[in-house]
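Remarks on the overall topology
The primary structure of each chain is shown beneath.
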Amino acid sequence: MNLTLSPRSLYRLPWNFSDNAISWLEPTSMCNLYCDGCYRENRSGSHKTLREVQHELDVFERLRNCDSVSIAGGEPLSHPEIVEIVAMVRRKGWKPVINTNGALLTRDLLRELKRAGVTGFTFHVDSGQNRPGWNGKDEGELNALRQEFADMLHEAGGLTCSFNATVYPETLSQVPALLEWGQRNIDRVHVMVFINYRMAILGKDFDFYVGDTRVHFDDMMYSKKDDQRRTDISSPEVVDMIRTKYPDFMPCAYLGGTERSDSFKWLMTGRMGNRHRIFGYIGPKFMELTQTWNHLVTGKYLAYAAPALQRRGRLYFLLAPLDRGIRRIAASYFKALLIAPAAFFSRVHFQSVMIIQPADVHENGSIDMCDGCPDITVWNDQLVWSCRMEEQVRWGQNMRMVPRKQEV
Ligand code: SF4
C-alpha cells in the first residue's frame, strides 16, 4: 500500500477564499483560560453586541459561501447572548458549531443551545491550557475530561462532537494515545483535530514591517523571546507519529500553502471502524465525491456530516467501485467475520482526523499560510486570517517579515 503523502496522491480540497466549507466568527475575545500558543489577546469587556455580530454575519453572506460557521473567540460560552448568536447563524442557513474549552458548558445551557439550532461542538482540550483542576495532567490523563464532554453530547443526541488539541514538541509522542481514545469513542466523537504549535520566536533573524514602517512584535500575542521549543512541527511528522500505532494511517485530502503547494496545511483523514477495530481509511475519490456531490445538491462544500450518517459506515461500501480506500475497508471488514467477529457484528462508524499546520516562516521572510483558509473571519468589513487578526487590530493589515542582514 502506497503511504506516500504528495499533492498528486491526495485530493486537494476545493475550499477557497469565497467558497469554503467553514467561516470563523468571534463574538468575544474574552476567555477564562490561558492556553500556551493562543493567538488571541484575552480582552475583558470585548463581548460584541448582537448588532455587531449581525453585521459580521451580513459581511460573510456578502463575501463568502460556506456550510458552517465556527463560533469561537476567546471563549464563546462566556458571551451572555451566545444562545441568540447561535440562532442568528442558524437563521442565515449555516451550521453553527461552537469552538469552546467546555469549562462553562452545563446540561441546561446545552439544552438551550440545541433548541437554538447548534449543530455541534469542538472542544479544545490539551495539556497547554492551565486549566484549573487539570494542571500538570498529560494528554492521556485529560481523556477523563474529554470523556465527560463526549458523554454529555452523546446524551443530548444529534450533535457533532469534535476535539482539538495543540501538538507541542513535548506532546507529539502522545498523539497516538489520543487517537486510541478517539477510536474507543468512535460512536460519539466524530472529528479529532490536531493543531501544530506555532509561535514567532523573536531573535536575530527577522525584522517586522507594516508597509515600509519597521514595527515591534515583542508584545504580540503569538511572539516569544525565550522559547527554545520547536515551532515547525509539520503535518507529515504527526502522521509518522500516528503510524507508530496505526501503521496504515492514510490521509485522503489536503489544503496546501500560499507559498508552497506541498506543505500540508490542512491534512484530512477519514477512518472507518469501531472500538474493536479500524477497518481502514477512505481514499481521495471518496472525499472528492462527497465535496462535489454536496456542492451540487446544497450549493455548499461539506464541513460537518450529520452524526446519523457517520454511524452508518456499511452504507459507504456502496461507493467501493469508485474509491480504493472504501474497497480496502470493505475487504478488511468482511475478513473480520472470521478473525474478529465482535468487530464484524458491531456498528461501523466514520471518524475524521484533521491535522492543521499553521503559519510557516521561510528563510526569505515569506509566510506560508493555509491556501483556502477555512478559519477566515471579519475585520473592518474585510475577510482576514483569524490566526493573524491581532495584526489587523494593531495595524489594520498583516505585517511582513524581512530577513535581517547578518553581520559578516
Ligand atoms: S491560515 Fe491561520 S486561521 Fe487560517 S486555517 Fe491556517 S492557521 Fe487557521
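Right above here is the structure, for reference.
Residues numbered from 1 in each chain as written. Predicted model: local features only at pLDDT ≥ 70, side-chain atom pairs only at ≥ 80, totals over all residues. Heavy atoms only, no water.

So, on to the overall build of the chain. For the chain, the count of helices and strands is 11 helices and 20 strands. In summary, the chain has a C-alpha radius of gyration of 21 Å against a globular reference of 22 Å for 408 residues, a match within 12%. Seen through its principal axes, the chain has C-alpha atoms that stretch 70 × 55 × 45 Å. The burial tally for the chain puts 55% of its 408 residues in the buried class. Excluding contacts between residues fewer than 6 apart, the proportion of contacts in the chain whose partners are at least 24 apart in sequence is 75%. Accessible surface computed for the chain: about 17,900 Å², of which carbon and sulfur atoms make up 53%. Taking the 50 positively charged and 48 negatively charged side chains of the chain as two groups, their mean positions are separated by 7 Å. (Helix = DSSP H or I, 4+ residues; strand = E, 2+ residues; numbered from the N terminus. Rg over C-alpha atoms; globule rule 2.2 N^0.38 Å. Buried < 20%, exposed > 50% of the residue type's maximum accessible area, 1.4 Å probe, protein only. Contact = heavy atoms within 4.5 Å. Areas by Shrake-Rupley, 256 points an atom, 1.4 Å probe, with all protein chains shown as cover. Lys, Arg positive; Asp, Glu negative; His and termini not counted. Charge placed at Lys NZ, Arg CZ, Asp CG, Glu CD.)

With respect to the secondary-structure elements, Y254 resides in strand β12 (residues 253–255). On the basis of relative accessibility, which here comes to 6%, the residue Y254 falls in the buried class. Taking C-alpha positions, Y254 is 15 Å from R271, a pair spaced 17 residues apart along the chain. The residues touching Y254, leaving out its near neighbours within four places in the chain, are P7, L10, Y11, R12, L13, S261, F264, W266 and L267.

A few words on helix α4 (residues 143–156). Taking 1.5 Å of rise per residue, the 14 residues of α4 would be expected to cover 20 Å, and the 20 Å separating its terminal C-alpha atoms lies within 8% of that figure. Looking at α4, one finds that the buried residues are N143, L145, R146, F149, A150, M152 and L153. Of the residues trailing α4, G157 is marked for its positive phi of about 80°. (Expected span 1.5 Å × (residues − 1).)

Right, let's talk about the sheet that holds strand β20 (residues 400–403) for a bit. Strands pair in a sheet through their backbones, by hydrogen bonds, and they do so in one of two ways: parallel or antiparallel. Strands sit in the order β10-β9-β20 across an open sheet of 3 strands; the sheet is antiparallel. The strands lining the two open edges of the sheet, one partner per strand, are β10 (213–215) and β20. On average, each strand axis in the sheet is inclined to that of its neighbour by 50°, with strand direction left out of account. (Pairing = 2+ DSSP bridges. Axes fitted to C-alpha atoms, helices over the stretch in contact; angles between N-to-C directions.)

This part is about the packing of helix α1 (residues 50–63) against helix α2 (residues 82–91). Between α1 and α2, whose axes approach to 11 Å, the crossing angle comes to 25°. Classified by the interaxial angle, the pair formed by α1 and α2 is roughly parallel. Between α1 and α2 lies a crossing of right-handed hand. For the pair α1 and α2, contact is made by L50, V53, Q54 and L57 and by E84, I85, M88 and V89, respectively. Tallied by class, residues from the contact of α1 with α2 come to 6 nonpolar, 1 polar and 1 charged. (Parallel < 35°, antiparallel > 145°, perpendicular 65-115°, else oblique. Left-handed = near helix turned anticlockwise from the far one by under 90°. Nonpolar A, V, L, I, M, F, W, Y, C, P; charged D, E, K, R; others polar.)

Let's shift gears to the nonpolar core. Among the nonpolar cores identified, the biggest contains 102 residues, and L105, L113, F121 and F163 are the most heavily contacted of them. Element by element, the count of residues in this core is highest for α2, at 6 residues. Counting residues in each nonpolar core, the second largest holds 16 residues, with M199, V210, I367 and M401 among its members. (Core = buried A, V, L, I, M, F, W, Y, C linked by side-chain atoms within 4.5 Å.)

The subject of this paragraph is the site of the ligand. Taken together, W266, P358, M369, C370, C373, P374, D375, W385, S386 and C387 make up all the residues around the ligand. Of the residues assigned to the shell around the ligand, the class counts are 8 nonpolar, 1 polar and 1 charged. (Near = heavy atom within 4 Å.)

Note that R131 resides in the loop between β5 (120–124) and α4. Here R131 is buried and forms no salt bridge, its nearest opposite-charge partner E75 lying at an N-O distance of 7.3 Å. Those residues within four positions of R131 in sequence are excluded, and the remaining contacts are L33, N101, A103, H124, V125, L145 and F149. (Salt bridge = Lys/Arg side-chain N within 4 Å of Asp/Glu carboxyl O.)

Here we take up the packing of α4 against helix α5 (residues 175–184). Closest axis-to-axis distance for the α4/α5 pair is 11 Å, and the angle between their directions is 30°. Considering the angle they form, α4 stands roughly parallel to α5. Every pair of crossing elements has a handedness; the one defined by α4 and α5 is right-handed. Contact with α4, carried on its side by N143, R146, Q147 and A150, involves A177, L178, W181 and R184 of α5 and no other residues of that element. A breakdown of the residues in the contact of α4 with α5 according to their chemical character gives 4 nonpolar, 2 polar and 2 charged.

Take the packing of aromatic side chains next. Applying the stated rule across the entire model yields 21 aromatic pairs. Look at F279 and Y333: their rings are 5.3 Å apart centre to centre, the planes differ by 85°, and that puts the pair in the edge-to-face class. Of the two residues, F279 is situated in strand β14 (residues 278–281) and Y333 in helix α9 (residues 324–339); the sequence distance between them amounts to 54 residues. By the burial criterion, F279 is buried, and Y333 matches it. Aromatic side chains F344 and F345 sit 4.9 Å apart centroid to centroid with 85° between the ring planes, which places their arrangement in the edge-to-face category. Since its relative accessible area comes to 12%, F344 is described here as buried. Over the ring of Y246 we find K245, and its NZ or CZ is 5.8 Å from the ring centre. Over the face of the ring belonging to W395 we find R394, whose NZ or CZ atom lies 5.6 Å from the ring centre. (Phe/Tyr/Trp six-rings, centres within 6.5 Å; stacked < 30°, edge-to-face > 60°. Lys NZ or Arg CZ within 6 Å of the ring centre and 35° of its normal.)

Tallied over the full model, the rule gives 28 salt bridges. With its nearest N and O atoms 2.4 Å apart, the salt bridge here joins R111 to D108. Here D108 and R111 lie together in helix α3 (residues 107–116), a separation of 3 residues that amounts to about one turn. In this structure R111 comes out as partly exposed when scored by relative accessible area, which is 47%. Its salt-bridge partner being R198, residue D360 comes within 2.8 Å of it at the nearest N-O pair. Separated by 162 residues along the polypeptide, D360 in strand β16 (residues 360–361) and R198 in the loop between β7 (191–196) and β8 (200–201) bring together distant segments of the chain. Note on R198: relative accessible area 11%, which makes it buried.

That is the geometry; function is a separate question.
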